[in-house]
Amino acid sequence: MTHSQTPDDGADVSADGERLVYDLADGCTIDDIEEDAYYHATVNGIVDYGIFVDVSDAVSGLVHESNLLGTHEVGDELVVELAEIRENGDVAFGEVELADYTTEHVDTGADVAVESLEDAVGETVTVEGVVVQIKQTGGPTIFHVRDESGVVPCAAFEEAGVRAHPEVELDDVVCVTGRVERREASVQIEVDGLERTTGEDADAARDRLDEALAARAEPNDVEPLVEWPAFEKLRPDLERVAERLRAAVLDGRPIRMRHHADGDGLCASVPLQLALERFIAEHHHDPEAPRHLLKRLPSKAPFYEMEDVTRDLNFALENRERHGQRLPLLLMLDNGSTEEDTPAYRNLAHYDVPIVVVDHHHPDPEAVEPLVADHVNPYLHDEDYRITTGMMCVELARMIDPSLTDELKHVPAVAGLSDRSSADAMDDFLALASERGYEESDLRDVGEALDYATHWLKYNDGRELIDDVLNVACDDRSRHEELVEFLADRAERDVEKQLDAAMPHVEHERLDNSAHLYRIDVENHAHRFTYPAPGKTTGEIHDRKVAETGDPVITIGYGPDFAVLRSDGVRLDIPVMVEELTEEVDGGGVSGGGHLVVGSIKFVAGMREEVIDALVEKMADAELDEDLSATLSTDD
């Protein structure tokens, strides 16, 4: 190797004829250097046989003593020529001495948006973004970085299982340089350089990224499935929730979806699950992201139990520790509007866990709303339970992903029939379902099949089975129909078996307001731990008595420490009655709620007689309304 060259001997030259010496950006890699080119270098080590130099953070090499022009110390700067890149990746340089030269700065790989990385496989790129997750594996550290268009995993390797770039934390703005590689069905960046952006540059980048996130989070403007003035009051609230959910996905925040384990709860949660999973897959270059960022979790109780919140919080804290995830957003569906939910919410208030509620049960807004970020409920707009949560969430899912519209046309009707809605729009929803080939009897069977399946699934979401039963994301219509027929027939068989055992023990009396009151001890006079559960059993008995008498009917199914209430043709306000009983029955331990004419209460077992007697007195004073079309929800 020669140590001085003229412009015509192969060295790069500037427009003025001077030799070019390249000054590499810190993130430049071995892909950015070429043999025979000149580079600015810094000595990083001295050995007996030469010196080691850095030409960037990612590229180092040896200048053998035979190719040195003088002696150097660590930190000295010099100009080197790239002599060779060996097959094993080692780089050899030689020192050069130049009287005149021009320095040309070499940036890292081209700035590429995350959404365009599929077209940059094999190339070295630069991405600037915010760190939304840091996961330490047994090999590399995986940084999930969000830019204006999406999230990409970036694999940085220090040593096996050792945290790379320990100075980088969640929410830092970083500049990542590396090679785009394909991983399974998506791509990731193999990190060559990763630097924190600080100060004003970080503030400007964060403002730019947040502005882009807000723009992408805006929900789609979709036409309503049916024209329904009552529902239009709720649309701005639903749009706000859609925007919050889309923003959570874009920002890498997990979502834990809690829903009541019944037909309406499933009609609410399953479409939303599908919409959110598709949105996650669209914006995250990680094939596992939909599974890791969204969990659908059924809740048996008609409120957020402390058992559930403790499990959810522990899961979230473990994921933060083990997988570097943000704490989740909690999405409550067909549940979450009552004072009974507030102890669980106050538990979450100690952590960064925003809560969003979409529900149609009679709410306690003064108790709930200070603890939640968003609360959508028809009662807050002078409407009621006839607008079911499933109806609301189908529109919410379409705001997130409009392409689902055709798949979801039958779902609002299933939700309405499952919760016995008498909404003015039910005829329109039934007509919409007929476009997918469903008669009303078919939809009722789907609702029964959902109830039956979720009863046996208990706390399992039963993803594939429920999708097939509801015919959402189902690729086999015939299997769906056969499955619904089987489950609905089993449900009908089990209901008949239960009523054969229970009906002889139903007690009857006429109240002072002339309403029929029917009571059944479902603990002792119905099969336990099987289908149907006490709430469903009470509802089925109630339906039979309404059909049998044609008069106003109240039905109470009770056990040692609970009672399930159903009413038809009687102007009850169960949430208010429960509130009054809580104050009036000393030592009763009364709690509960629900809709105006459907609900449940709990109490201490030793006070059952006093609580139920006081409840019946209130029912006897209620006004009758034979034209009142009450809900006959199957809430347990």
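Residues numbered from 1 in each chain as written. Predicted model: local features only at pLDDT ≥ 70, side-chain atom pairs only at ≥ 80, totals over all residues. Heavy atoms only, no water.

**Q** How do you make sense of the overall build of the chain when you look at a structure like this?
**A** When helices and strands are tallied, the chain shows 18 helices and 24 strands. Taken over C-alpha atoms, the radius of gyration comes to 33 Å for the chain, far larger than the 26 Å a tight globule of 636 residues would show. When each of the 636 residues of the chain is scored for burial, the buried share is 56%. For the chain, the accessible area works out to roughly 27,100 Å², and carbon and sulfur atoms hold 44% of it. When the 54 positive and 144 negative side-chain charges of the chain are each reduced to one mean point, those points stand 9 Å apart. (Helix = DSSP H or I, 4+ residues; strand = E, 2+ residues; numbered from the N terminus. Rg over C-alpha atoms; globule rule 2.2 N^0.38 Å. Buried < 20%, exposed > 50% of the residue type's maximum accessible area, 1.4 Å probe, protein only. Areas by Shrake-Rupley, 256 points an atom, 1.4 Å probe, with all protein chains shown as cover. Lys, Arg positive; Asp, Glu negative; His and termini not counted. Charge placed at Lys NZ, Arg CZ, Asp CG, Glu CD.)

**Q** Where do I start with the pattern of salt bridges in this structure?
**A** For side chains of opposite charge, pairing can occur when their charged atoms come near one another. If you walk through the whole model with that rule in mind, you get 48 salt bridges. Salt bridges linked by common partners bring R256, R258, E307, D308, R311 and D312 together as one network. (Salt bridge = Lys/Arg side-chain N within 4 Å of Asp/Glu carboxyl O.)

**Q** Is there a simple way to explain the packing of helix α11 (residues 411–418) against helix α12 (residues 426–434) in this structure?
**A** Between α11 and α12, whose axes approach to 8 Å, the crossing angle comes to 135 degrees. In terms of orientation, α11 lies oblique with respect to α12. Along this stretch, α11 crosses α12, giving a crossing that reads as left-handed. Between α11 and α12, the residues in contact are P412, A413, G416 and L417 and M426, F429, L430 and A433, respectively. Tallied by class, residues from the contact of α11 with α12 come to 7 nonpolar, 1 polar and no charged. (Axes fitted to C-alpha atoms, helices over the stretch in contact; angles between N-to-C directions. Parallel < 35°, antiparallel > 145°, perpendicular 65-115°, else oblique. Left-handed = near helix turned anticlockwise from the far one by under 90°. Contact = heavy atoms within 4.5 Å. Nonpolar A, V, L, I, M, F, W, Y, C, P; charged D, E, K, R; others polar.)

**Q** Honestly, the packing of helix α4 (residues 263–283) against α11 in this entry has me stumped. Any pointers?
**A** Between two packed helices, the angle of one axis relative to the other and the distance separating the axes together describe the packing. For the pair α4 and α11, interaxial distance at closest approach is 7 Å and the crossing angle is 155 degrees. If you check the angle between α4 and α11, you find them roughly antiparallel. Here α4 and α11 pass one another in a crossing that is left-handed. Contacts from G263, D264, C267 and P271 of α4 reach α11 at V411, V414, A415 and S418.

**Q** Help me understand the packing of aromatic side chains in this model?
**A** What characterises a pair of aromatic rings is the spacing of the ring centres plus the angle enclosed by the ring planes. Taken as a whole and judged by the stated rule, the model has 6 aromatic pairs. Taking the centre distance of 5.8 Å and the plane angle of 40 degrees together, the rings of Y22 and Y39 count as tilted. You can see Y22 sitting in strand β1 (residues 19–24) and its partner Y39 sitting in strand β2 (residues 38–47), a full 17 residues away along the chain. Here Y22 and Y39 have matching classes, each one buried. Above the ring of Y459, the side-chain terminus of R311 is found at 5.7 Å from the ring centroid. (Phe/Tyr/Trp six-rings, centres within 6.5 Å; stacked < 30°, edge-to-face > 60°. Lys NZ or Arg CZ within 6 Å of the ring centre and 35° of its normal.)

**Q** Would you take a moment to explain the pairing of strand β6 (residues 91–96) for this structure?
**A** Side-chain direction in a regular strand flips from residue to residue, so the side chains alternate between the two faces of the sheet. In terms of burial, β6 is a largely internal element, 6 of the 6 residues being buried. Burial along β6 is two-sided: V91, F93 and E95 facing one way and A92, G94 and V96 facing the other are all buried. Bridging between strand β4 (residues 60–64) and β6 involves 2 bridges; their strand directions are parallel. Note that in β6 the partner of V63 across the bridge is F93. The pairing of strand β5 (residues 77–85) with β6 spans 6 bridges and is antiparallel. Residue E81 lies in a different strand from β6, and its bridge partner there is G94. From the end of β5 to the start of β6, which pair antiparallel, there are 5 residues, and G89 there has a positive phi angle of about 95 degrees. (Pairing = 2+ DSSP bridges.)

**Q** Looking at this model, I keep getting lost on the pairing of strand β14 (residues 255–260). Mind explaining?
**A** Among the 6 residues of β14, 6 are classified as buried, and the element is accordingly described as predominantly covered. In this sheet, strand β15 (residues 294–299) lies alongside β14 in parallel orientation, the contact comprising 6 bridges. Bridged to H259 within β15 is P298. Bridge count between β14 and strand β16 (residues 329–333): 5 bridges; the pairing is parallel. By the bridge assignment, H259 is partnered in β16 with L333.

**Q** When you look at the sheet that holds strand β21 (residues 553–558) in this model, what are you seeing that I'm missing?
**A** Sheet strands associate in pairs through backbone hydrogen bonding, adopting either a parallel or an antiparallel arrangement. Overall, mixed pairing links the 6 strands, which are arranged β19-β20-β21-β22-β24-β23 in an open sheet. Two strands lie at the open edges of the sheet, namely β19 (507–510) and β23 (591–594), each paired on one side alone. Sheet twist, expressed as the average angle between the axes of neighbouring strands with direction ignored, equals 15 degrees. Sitting on the sheet, helix α18 (residues 608–620) is in contact with β20 (516–521), β21, β22 (562–568) and β24 (598–602), with an inclination near 170 degrees to β21.

**Q** I would appreciate a short explanation of unusual backbone geometry in the present structure.
**A** When glycine is set aside, most residues are seen to have a negative phi, and most peptide bonds are trans. At the junction of Y531 and P532, the peptide bond is cis and its omega measures out at 0 degrees in the coordinates. One non-glycine residue, R420, adopts positive backbone phi at about 55 degrees. Along the chain, the position of R420 falls in the loop between α11 and α12. On the basis of relative accessibility, which here comes to 23%, the residue R420 falls in the partly exposed class. In this structure, A473 takes a positive phi of about 60 degrees despite not being glycine. On the secondary structure map, A473 appears in the loop between α14 (463–470) and α15 (477–502). Relative accessible area serves as the criterion here: at 38%, A473 is assigned to the partly exposed category.

**Q** Explain α4 to me, please; I cannot follow it from the model alone.
**A** Residues lying three or four places apart along an α-helix face the same way, a consequence of the helix completing one turn every 3.6 residues. Here α4 contains 21 residues, and its C-alpha end-to-end distance of 31 Å stays within 8% of the 30 Å for a straight helix at 1.5 Å per residue. α4 sits mainly inside the fold: 18 of its 21 residues count as buried. (Expected span 1.5 Å × (residues − 1).)

**Q** Explanation requested: the side chain of D401 in the structure shown.
**A** One can find D401 in the loop between α9 (389–400) and α10 (405–408). The side chain of D401 is buried and forms no salt bridge, while R278, the nearest opposite charge, is found at 4.1 Å. Engagement of the side chain of D401 in a polar contact is seen with the side chain of S403, the distance being 2.6 Å. Look past the residues within four positions of D401 in its chain and what remains in contact with it is N220, A275 and R278. (Polar contact = N/O pair within 3.5 Å; in protein donor to acceptor, adjacent residues only side chain to side chain.)

Geometry only, nothing functional implied.
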